[in-house]
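# Structural overview for review
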Amino acid sequence: FLVLLNSGLAFVHANLRCLHNLALGLGWLPWPVLHAKVWPKLRAKPKRGITREEHELILASEKNAERRAFYDLLWEVGAAQSDAANLQAGNIDWEHRLLRYRRMKTGELACLVIGSRLEELLNYLPKFGPLFPSIRASTNGARSSEFGRRCRVAGVKGVSLHSYRYAWAERAKACGYPERFAQSALGHNSRAVHQAYAKGATPVCPALEQFEREMKLR
């Protein structure tokens, strides 16, 4: 028990604590193994975005076309892995060049303009039904494990699927992308977004690549 607890893994720590509290609550343990105040504190590992070079290394080492497209979409839109995995062809509005989806975690609607890079990627994906059928059928844990294996093969360390969201936010800040749009695109709560929804409006976020292209031209 103590060896596992001291492993420093957040997943292990959380599950051990849940099992410990459950056992106490059901009377399986006569007294706590550890008092609440002496449980070791978790030290959060520094989180960072995946770099363009790391992303390209991962794509180069991935032979599965669906997973390559999945990682590319995470790079382009900064969606959470569960939101991206559940995207359907119906989420694409080609008439207005918009990608719309509702965040599973918050229920908020994300609406992004489709730029040229995203257009090229979406044209490659299925025209009906799920955009990523096999990935959609898997779990968050399975997708994370597969990405971890891919990172080891590519020699990339210190990142996870969530690093794509950090990377998108970092790129948005670096190229001057408006913060209110960045918060909306990532599904984060903000006063501006809340006010827009309250008025019945849906914030439409411009393509990040437009701002990155303008940044290079300066």
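Here is a short report on the structure shown in this document. In this text the structure is predicted, and so the values were computed from the model without any measurement.

### Considering the packing of aromatic side chains
Using the criterion set out here, one finds seven aromatic pairs in the structure. Taken together, Phe70, Tyr71, Phe132, Phe147 and Tyr164 form an aromatic cluster joined through their ring pairs.

### A few points about the nonpolar core
Counting 47 residues, the largest nonpolar core has Ile58, Leu73, Phe147, Tyr164, Trp168 and Tyr177 as the members making the most contacts within it. A per-element tally of this core places helix H4 (residues 65-77) first, with seven residues. Residues within four places of tryptophan 168 in sequence aside, it is in contact with Trp75, Glu76, Val77, Gly78, Leu112, Tyr177, Ala182, Ala185, Leu186 and Leu208.

### Focus: the packing of H4 against helix H9 (residues 163-174)
Packing of H4 against H9 brings their axes to within 7 Å, and their N-to-C directions diverge by 35 degrees. Residues Tyr71, Leu74, Trp75, Glu76 and Val77 of H4 form the contact with H9, whose own contacting residues are Tyr164, Ala167, Trp168 and Arg171. For the contact of H4 with H9, the residue count by class is seven nonpolar, no polar and two charged.

### Here's the deal with helix H8 (residues 140-154)
Over its 15 residues, H8 runs 21 Å from end to end, which matches the ideal 21 Å to within 8%, given 1.5 Å per residue. Within the sequence span of H8, burial applies to Arg143, Glu146, Phe147, Arg150, Cys151 and Ala154. The buried residues of H8 occupy an angular sector of 145 degrees when projected down its axis, which confines them to one face. Against helix H3 (52-61), H4, helix H5 (81-85), helix H7 (133-137) and H9 lie the buried residues of H8. Directly beyond the C-terminal end of H8, a positive phi value near 75 degrees is found at glycine 155.

Reading guide: rules and limits
Residues numbered from 1 in each chain as written. Predicted model: local features only at pLDDT ≥ 70, side-chain atom pairs only at ≥ 80, totals over all residues. Heavy atoms only, no water. Phe/Tyr/Trp six-rings, centres within 6.5 Å; stacked < 30°, edge-to-face > 60°. Core = buried A, V, L, I, M, F, W, Y, C linked by side-chain atoms within 4.5 Å. Buried < 20%, exposed > 50% of the residue type's maximum accessible area, 1.4 Å probe, protein only. Helix = DSSP H or I, 4+ residues; strand = E, 2+ residues; numbered from the N terminus. Contact = heavy atoms within 4.5 Å. Axes fitted to C-alpha atoms, helices over the stretch in contact; angles between N-to-C directions. Nonpolar A, V, L, I, M, F, W, Y, C, P; charged D, E, K, R; others polar. Expected span 1.5 Å × (residues − 1). Arc of directions from axis to C-beta.

Take it as geometry only, folks, not as evidence of what the structure does.
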